[in-house]
Structure formats: C-alpha cells, structure tokens
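Secondary and tertiary structure notes
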Amino acid sequence: MTLTPARVPATGVRRLTTTLYGYAFLDDFVLLYPVYALLFADTGMSLWQISSLFALWSITGVLLEVPSGAWADAVSRRRLLWIGPLLTAAGFALWVTVPSYWAFAAGFVLWGAGGALGSGALEALVYDELDRLGAAGRYAGVMGRARAARLLGTVSSIGLAAPVFARGGYAAVGAASFAACVLTAAVATRFPEHRVRPETGDDSWATTLRSGLAQVRGDRSVRGALLLVPAVAAVWGALDEYTPLLVRDIGVAEATVPCLIMLIWAGVTLGSLLAGPAERLGTRGLAALLAGSAVALAVGAAARSLPGIALVSLAFAGFQLAEVLADVRLQHRIDESRRATLTSVASLGTELATVATFGVYALLGTDKAHSTVFAMLAIPYLVTALALARTRAATARP
C-alpha cells in the first residue's frame, strides 16, 4: 500500500517525537539529582568546595561546548547523542563508589563532557528533521513537550529518590542513575537522521566553526537571539543547584526536601508545556514574563516558608518557558549547516554566565542566608526584562 503524502510526514514526525520524548525523560531520570548536593555536604565538602565542583562542571562545558557543536555539524549528531549519556554514567559510578572531592570532580568532568556532546546536537537534529518533514513551525511545541518530558523525568526521579534513598542510601540512588544513563544512550540510537553531512576533510571542523561565528558577527538579529539565551538560562540554571539547601533552610526534615524539590520541578514542567501557545507573546510579552518571574523568585525566597517555595516554583516555571522561547528565536534565525555550532555558542555563553553565578553565589553565601542570595540574584532578570522592553520600544519607533 502506498502512503499518502500527508501520512508520510505524520509518521516521520511521530517517530522523531516519540524518540525525543523518551530520550528527554530518561536523560533526566536521575535519582541523584535531589540529593547530590547533600552527598557532597555529608562527605565533608564546604560551601566553597561544593561551588567549585559546580564551577568545574560548567568550565568543562565551556571548554567543550563549541568544539562539540562544530563536530556535530561535521559528523553524525545521533552518534554524539548516545556517547554523551555513557560518559555521564561513568561519572555517577565514580561518585558513589569512591566518594571524595576528586571523585566528585572527575564525575563532573565526565558529566560536563557528556552534556556538551548533546548540547546543540539535539536541537539541531530535531529542528532539521522537522524542517525536512515540513513541520519546522511545530518546533516550539515539540521542544516544549520535550522539556516537559525531561522535567517529568526529573520530578519522577525526585519522587522515587526518597524511598530509594531510605532503603539503600547513596549507593542505591547512584545505581539507578547509572542505569537510566545507559537506557538514554540506547534510546538515542533510534533517532532518525537524514541530513547530508559535509565532506570530512582535515579542516571541516574548523571551517564549520569559522562560518558559524561569521554569521554571528554579520547578522544582528542572530547575535541578539544568541545573547538572549544565556541571559535567560544562566542564573536560574545555577540557582537550581542550590535549591535543596534553600529548602532545607526553611526548617523541614531532610526526608521532606525531595518532595519540595519535586514541587518546584512540577511548576517548571507546566512552564514547558505552555511553550507552543506562548510563542505568540512577542518581545514585550517575554519581557513581562521575565519581570514577573523575577519578582516571584525574590518574594518567594525571602519568605522562607512553604508558600514561598511555591512562589519559587512559579518563578522557575516562568524562566523555563522564557528559555524555550529564547531557543526558538535562535533556531528560526540560523541555517542548517551551522545550527549545532551556533546553538552550542549560545550554550557556551550560558555556561560562562553560570560559572560567574556560582562564584557570585559563593561570595554572597559566605555571610548571607540562601534565601537572601536567591532574592538578590533575581535582579539580573529585571535588567534583561528592561533591556527587552527598551529594544521593543526602539523597534516600534518610526
């Protein structure tokens, strides 16, 4: 039987999205998430040591982000998507078998390398496959649902972390996290990839990188969309690592911490699901979203209460939605041959800003409560919202 033209793209989109959602769910189904900061602290790490580990994680991404993106444009994106989770699995195994500062550091290097291989490659593969099927306009909704699946994986892992941890401690949650990474790699092998890759000469990687950076220099709209990604993603991405410490400081029992972290990530999941309809917000709407989320973060953190944690969840939901919308803006402005490269350049900016945020957090947290630091770090979002509003006003002038 011959398939109709309408059915062929529908079948292709279904295969792509099913694989994507499964990959996204498993990639964040990591039971170590809500407790690894506690693992570090229980091993005797100071706040400075913990912050240095987070910074090392980001520095690894800084060093590998753009090279891996250019590599993804030059070779198979699917291949990088299954290699990355295996590196992360090795890192988690180190954490729970030989817990020490240097094992944690090595694990973060492996996790950072694994994340860099997938960053840029995933967005580029999904966008180009949708474009091939005539469905590029569905990218925002697809990626929003993919992030929701990723966050559902996070929430599910957080929900399971408490009983698994109570039964088997850090070893049990580490083993479950290792298994999830191996399954993620297996699912990644199912991604469709029809892109015609460039010839692999000795200079193909360098040529891809140079051409991508040339587009950033020469196109103001691409440059603005690229800078918006780290402006939206970096600070709340860094704060996420400290949320268990923020929650514990309101006076709840340690066994309750994963449950409240799950509440925060449930809100973020909702924000991801709104990405499709929210694409119509425009610049002014995005500025309002960032400003409102910043206020919710500051008020919620300063409250140091259960309702305050709910406001932090609402703020994170807004930041997650804004991050998806920033990615959509960027993908619409870049072409296929440089897509992974420029997406990785944006991720590089995010990693650099995240490293800076970790440093600022460590400095402020030396003599201030976690709630105060969270509230203070809402300010960059107000600045970004103001910059967007002024850009929109300038564009509207005759």
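Structure: see above.
Residues numbered from 1 in each chain as written. Predicted model: local features only at pLDDT ≥ 70, side-chain atom pairs only at ≥ 80, totals over all residues. Heavy atoms only, no water.

Right, let's talk about the environment of Phe-165 for a bit. Structurally, Phe-165 is set in helix α7 (residues 139–188). When the C-alpha atoms of Phe-165 and Leu-31 are compared, they prove to be 8.7 Å apart, with 134 residues separating the residues in sequence. Setting aside residues up to four positions removed in sequence, Phe-165 forms contacts with Tyr-170 and Val-173. (Helix = DSSP H or I, 4+ residues; strand = E, 2+ residues; numbered from the N terminus. Contact = heavy atoms within 4.5 Å.)

Quick look at helix α14 (residues 306–333) now. Its 28 residues give α14 an end-to-end C-alpha distance of 42 Å, which sits within 8% of 40 Å, the value for a rise of 1.5 Å per residue. The buried count for α14 comes to 20 of 28 residues, which makes it a mostly enclosed element. (Expected span 1.5 Å × (residues − 1). Buried < 20%, exposed > 50% of the residue type's maximum accessible area, 1.4 Å probe, protein only.)

Summed over all chains, the structure comprises two cavities of 30 Å³ or more. Its boundaries defined by the atoms lining it, the second largest cavity holds a volume of some 70 Å³. Leu-246, Ile-250, Ala-301, Arg-304 and Ser-371 are, among the 13 residues lining the second largest cavity, the residues nearest its centre. At the level of elements, α13 (282–303), α14 and α16 (370–376) are the ones that each hand at least two residues to the lining of the second largest cavity. When residues of the lining of the second largest cavity are assigned to their parent elements, the largest contribution, three residues, is made by α14. (1 Å grid on protein atoms, 1.4 Å probe; cavity = no way out; pocket = protein on both sides within 12 Å on 5 of 7 lines; lining within 4 Å. Points joined across faces, edges and corners; volume = space filled by probe spheres on them.)

Glancing now at a nonpolar patch on the surface. The grouping of Trp-82, Leu-86, Phe-178 and Val-182 at the surface amounts to a nonpolar patch, some 320 Å² of accessible area in total. Those elements giving two or more residues to the nonpolar patch turn out to be α4 (77–97) and α7. Mapped onto the elements, Trp-82 comes out in helix α4. Classification of Trp-82 as partly exposed rests on a relative accessible area of 33%. (Patch = residues over 30% accessible without salt bridge, like charges linked within 9 Å, V, L, I, M, F, W, Y side chains within 5 Å. Areas by Shrake-Rupley, 256 points an atom, 1.4 Å probe, with all protein chains shown as cover. Salt bridge = Lys/Arg side-chain N within 4 Å of Asp/Glu carboxyl O.)

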